[in-house]
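Here is what each chain is made of, one letter per residue.
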Amino acid sequence: PKEQIVLYQRLGELWARGHGLLLVPHDLRGLGLLGDPEKIRIVGLSSGKIAFEEKLASPALPTRLAELYGVPHVRGTTLGEVHIDWDAIERGRPT
């Protein structure tokens, strides 16, 4: 939705001015709007402990998310996007 895009863009402006951000999104698609995917750190938690730490641009991120959530993830085409691989789920491919 438009509001979500505007929010991520404004948060990105704050980040660019040197403010620290800690976000807890469950949908990673908008994170690329914050800024450089090489500088955006993703921390996966499991049972209150750090399961992994990757940059949004990391090629390993879809695999790490799949391991954490038990469903396949795939890299999108824009802004460091990573999301659930619905096509793989429809084909019955395990993680």
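Residues numbered from 1 in each chain as written. Predicted model: local features only at pLDDT ≥ 70, side-chain atom pairs only at ≥ 80, totals over all residues. Heavy atoms only, no water.

**Quick look at the confidence of the model for the protein**
Residues shown with low pLDDT carry predicted positions that ought not to be read at fine detail.
Inference 1: Considering every residue of the protein, the mean pLDDT works out to 90; 96% of them sit at 70 or more.
Inference 2: Across the protein, the element-wise mean pLDDT spans from 86 in strand 4 (residues 82-84) up to 97 in strand 2 (residues 49-55). (pLDDT = per-residue confidence, 0-100. Helix = DSSP H or I, 4+ residues; strand = E, 2+ residues; numbered from the N terminus.)

**What to know about the pairing of strand 2**
Inference 1: The pairing of strand 1 (residues 41-46) with strand 2 spans six bridges and is classified as antiparallel. Bridged to Leu45 within strand 2 is Ile50.
Inference 2: Hairpin connection between strand 1 and strand 2: a loop of two residues separates the two successive antiparallel strands, and Ser47 in this loop has a positive phi of roughly 55°. (Pairing = 2+ DSSP bridges.)

**Quick word on the nonpolar core**
Inference 1: Among the nonpolar cores identified, the biggest contains twelve residues, and these are Tyr8, Leu11, Leu28, Leu31, Leu34, Ile40, Ile42, Phe52, Leu56, Leu61, Leu65 and Val82.
Inference 2: Going through the elements one at a time, helix 1 (2-16) and helix 2 (61-69) are the ones with two or more residues in this core. (Core = buried A, V, L, I, M, F, W, Y, C linked by side-chain atoms within 4.5 Å. Buried < 20%, exposed > 50% of the residue type's maximum accessible area, 1.4 Å probe, protein only.)

**Some thoughts on unusual backbone geometry**
Inference 1: At Ser47, a position not held by glycine, the phi torsion is positive, near 55°.
Inference 2: Tracing the chain through its elements places Ser47 in the loop between strand 1 and strand 2.
Inference 3: You can call Ser47 exposed: its relative accessible area is 75%.

**A closer look at helix 2**
Inference 1: For helix 2, the set of buried residues is Leu61, Pro62, Leu65 and Ala66. Buried residues of helix 2, viewed axially, fall in a sector of 135°; they line one side.
Inference 2: Among the structural elements, strand 1, strand 2, strand 3 (73-75) and strand 4 are those in contact with the buried residues of helix 2.
Inference 3: Positive phi appears at Gly70, one or two residues downstream of helix 2, with a value of about 75°. (Arc of directions from axis to C-beta. Contact = heavy atoms within 4.5 Å.)

**Concerning the pattern of salt bridges**
Inference 1: Following the criterion strictly, the structure yields four salt bridges and no others.
Inference 2: A salt bridge links Asp27 to Arg29, with the shortest nitrogen-to-oxygen separation between them at 2.6 Å.
Inference 3: We classify Asp27 as partly exposed; its relative accessible area is 29%.
Inference 4: Note that Glu54 and Arg64 form a salt bridge whose closest N and O atoms lie 3.8 Å from each other. Placement of Glu54 in strand 2 and of Arg64 in helix 2 is noted, with a sequence separation of ten residues between them.
Inference 5: In this structure Glu54 comes out as buried when scored by relative accessible area, which is 17%.
Inference 6: Among the charged side chains, a network of salt bridges with common partners joins Glu54, Arg64 and Glu67. (Salt bridge = Lys/Arg side-chain N within 4 Å of Asp/Glu carboxyl O.)

**Concerning the environment of Val82**
Inference 1: Tracing the sequence through the fold places Val82 in strand 4.
Inference 2: Note: C-alpha distance between Val82 and Ala57 (25 residues apart in sequence) is 9.2 Å.
Inference 3: Residues within four places of Val82 in sequence aside, it is in contact with Leu28, Arg29, Leu61, Pro62, Leu65, His73, Val74, Arg75 and Gly76.

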